[in-house]
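This is what each chain is made of:
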Amino acid sequence: MTLSDRSCGLLLVISSPSGAGKTTLARRLAGEFALRFSVSYTTREARKDEVQGKDYHFVSRSRFAQMVEGREFAEWAVVHGNQYGTSIATVNTSLADGVDCLFDVDYQGGRQLRRLWPAQTVLCFILPPSMEELERRLRQRATDASDAIERRLAMAHEELTHYGEYDYLVVNDNLDQSYAKLRAIYVAAGCTRVRNDALAQALLREAGSRTPLQKP
Ligand code: ADP
Ligand code: 5GP
């Protein structure tokens with residue numbers, strides 16, 4: 001085991017109103033760093049470009065209910081009329097491995113993860129530059145039916161009311177600049193004292209056990 005193996009894993013939660021760009025930003029972060037992406041379970045239908053097991057584990061309502069019953073979720077919630085849940089095994093394995101984990105979940109999920117793992121959880125909320133731009137992005141993404149887009153826009157207000165529960169707010173206007181901000185948040189979160197305490201303690205012990213230099 002090296003000293004750097006002793007740092008503890010971070011749980012980075014990214015939430016936003018649908019269409020603000022959290023999936024785009026989260027994927028980019030996971031592409032640059034050795035972050036584990038928590039693949040949620042959902043009862044939603046897969047969109048045309050989504051891959052089973054990569055974007056989501058798409059399951060039936062009865063399978064989801066079984067998983068709730070079997071206490072397999074760290075958290076789960078109903079969002080836009082569908083059920084979504086985070087596997088407790090994914091979180092526990094990441095923490096045990098000391099690997100950072102990324103979550104694309106709504107405010108209910110973020111709240112519950114913070115409740116369960118307060119020291120490890122960092123909450124980041126992505127804001128759209130305007131409601132007009134949010135609607136434009138939802139429509140140009142063209143992955144949801146028109147009534148689903150209306151539902152998502154209507155839900156944006158409720159989601160925005162929870163921004164105060166988050167540690168960081170990033171306005172996703174220019175994508176490269178927004179990504180640079182998210183990246184900075186992630187890198188800084190990995191440098192907090194709490195996150196590196198075990199490492200600092202190990203160094204302290206090693207330093208203390210060294211034979212003192214002989215005075216001339
Ligand atoms: P969310 O996961 O929050 O629902 P997505 O990441 O799917 O949002 O982004 C919604 C749409 O907006 C996608 O088509 C995406 O390519 C686009 N998008 C994301 N960020 C930006 C940005 N900064 N500027 C313009 N379009 C963006
Ligand atoms: P979408 O259907 O656009 O992929 O996601 C809809 C919403 O569900 C988004 O706000 C997304 O963050 C949220 N979501 C996805 N997975 C989970 C999850 O496991 N738990 C919770 N609470 N929300 C989730």
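Residues numbered from 1 in each chain as written. Chains lettered and ligands numbered in written order. Predicted model: local features only at pLDDT ≥ 70, side-chain atom pairs only at ≥ 80, totals over all residues. Heavy atoms only, no water.

Peer 1: Please explain the nonpolar core as it appears in this structure.
Peer 2: It is characteristic of soluble globular proteins that their nonpolar side chains tend to be buried jointly. Counting residues in hydrophobic clusters, the biggest one holds 25 residues, and the most contacted among them are Leu-12, Ile-14, Leu-29, Leu-102 and Ile-126. Counting only elements with at least two residues in this core, the list comes to strand E1 (11–15), helix H1 (22–32), strand E8 (121–127), helix H5 (131–141), helix H6 (146–160) and helix H7 (175–189). Core analysis: the next-biggest nonpolar cluster, separate from the first, contains 14 residues, Trp-117, Leu-123, Phe-125 and Tyr-166 among them. (Core = buried A, V, L, I, M, F, W, Y, C linked by side-chain atoms within 4.5 Å. Buried < 20%, exposed > 50% of the residue type's maximum accessible area, 1.4 Å probe, protein only. Helix = DSSP H or I, 4+ residues; strand = E, 2+ residues; numbered from the N terminus.)

Peer 1: Would you mind showing me how to read the site of ligand 2 here?
Peer 2: Near ligand 2 there are 17 residues, and of these Ser-40, Arg-44, Tyr-56, Glu-75 and Tyr-84 occur at the shortest range. At 3.4 Å, a backbone N or O of Val-105 approaches an oxygen atom of ligand 2. For ligand 2, whose unbound accessible area comes to 510 Å², protein coverage reaches 97%. At the level of elements, strand E5 (73–79) and strand E6 (82–87) are the ones that each hand at least two residues to the shell around ligand 2. (Near = heavy atom within 4 Å. Polar contact = N/O pair within 3.5 Å; in protein donor to acceptor, adjacent residues only side chain to side chain. Areas by Shrake-Rupley, 256 points an atom, 1.4 Å probe, with all protein chains shown as cover.)

Peer 1: Is there a simple way to explain the packing of aromatic side chains in this structure?
Peer 2: Any pair of aromatic rings gets described here by the distance separating the centres and the angle formed by the planes. The tally for this structure, following the rule as stated, stands at seven aromatic pairs. An aromatic cluster is defined as three or more aromatic residues linked by ring pairs; in this entry it consists of Tyr-41, Phe-64, Phe-73 and Trp-76. (Phe/Tyr/Trp six-rings, centres within 6.5 Å; stacked < 30°, edge-to-face > 60°.)

Peer 1: Honestly, unusual backbone geometry in this entry has me stumped. Any pointers?
Peer 2: Only a minority of non-glycine residues have a phi that is not negative, and only a minority of peptide bonds are not trans. With a phi close to 55°, Arg-71 is a non-glycine residue in the positive phi region. Tracing the sequence through the fold places Arg-71 in the loop between helix H2 (61–69) and E5.

Peer 1: Can you walk me through the site of ligand 1 in this structure?
Peer 2: Of all residues adjacent to ligand 1, which total 15 residues, the nearest are Gly-19, Thr-23, Thr-24, Gln-140 and Arg-141. Note that an oxygen atom of ligand 1 is positioned 3.3 Å from one of the side-chain N or O atoms of Ser-16. For ligand 1, an oxygen atom lies 2.4 Å from a polar atom in the side chain of Thr-23. Bound to the protein, ligand 1 loses 80% of the 570 Å² it would expose on its own. For the shell around ligand 1, the elements supplying multiple residues, two or more each, are H1 and H5.

Peer 1: What should I look at first to understand helix H4 (residues 107–116) in this one?
Peer 2: Because an α-helix completes one turn every 3.6 residues, residues spaced three or four positions apart along the sequence face the same direction. Buried within H4 are the following residues: Tyr-107, Gly-109, Gly-110 and Leu-113. Down the axis of H4, the buried side of the element spans an arc of 160°, and every buried residue falls inside it. (Arc of directions from axis to C-beta.)

Peer 1: I keep staring at the sheet that holds E6 and nothing clicks. Help me out?
Peer 2: Note on sheets: strands pair through backbone hydrogen bonds, and any given pair is parallel or antiparallel. On the basis of which strands lie adjacent, the open sheet formed by four strands has the order E4-E3-E6-E5 and mixed pairing. Looking at the sheet topology across the chains shown, the edges are occupied by strand E4 (57–58) and E5. (Pairing = 2+ DSSP bridges.)

Peer 1: Explain the sheet that holds strand E9 (residues 168–171) here, please?
Peer 2: Ordered in space as E2-E7-E1-E8-E9, the five strands form an open sheet in which the pairing is parallel. Single-partner strands in this sheet number two, and they are strand E2 (36–37) and E9. The sheet contact formed by E8 and E9 spans four bridges and is parallel. Each residue of the ladder has a partner; that of Ile-126, found in E9, is Val-170.

Peer 1: Help me out: how do you make sense of the pairing of E8 in this one?
Peer 2: Two faces make up the sheet, and in a regular strand the side chains alternate between them. With seven of its seven residues buried, E8 lies for the most part within the structure. Side chains of E8 alternate between two faces, with Thr-121, Leu-123, Phe-125 and Leu-127 and Val-122, Cys-124 and Ile-126 buried alike. Where E1 and E8 come together, five bridges link them in parallel fashion. In the sheet register, Val-13 faces E8, and the bridge partner there is Leu-123.

Peer 1: I'm lost on the packing of H5 against H6 in this one. Help?
Peer 2: In a packed pair of helices, the relevant descriptors are the angle between the two axes and the axis-to-axis distance. Close contact between H5 and H6 brings their axes to 11 Å; oriented N to C, the two are set at 140°. The two elements H5 and H6 meet at a crossing, and its hand is right-handed. Mapping the contact onto sequence places Met-131, Leu-134, Glu-135, Leu-138, Arg-139 and Arg-141 in H5 and Ile-149, Glu-150, Arg-152, Leu-153, Ala-156 and Leu-160 in H6. Among the residues making up the contact of H5 with H6, the classes are represented as seven nonpolar, no polar and five charged. (Axes fitted to C-alpha atoms, helices over the stretch in contact; angles between N-to-C directions. Left-handed = near helix turned anticlockwise from the far one by under 90°. Contact = heavy atoms within 4.5 Å. Nonpolar A, V, L, I, M, F, W, Y, C, P; charged D, E, K, R; others polar.)

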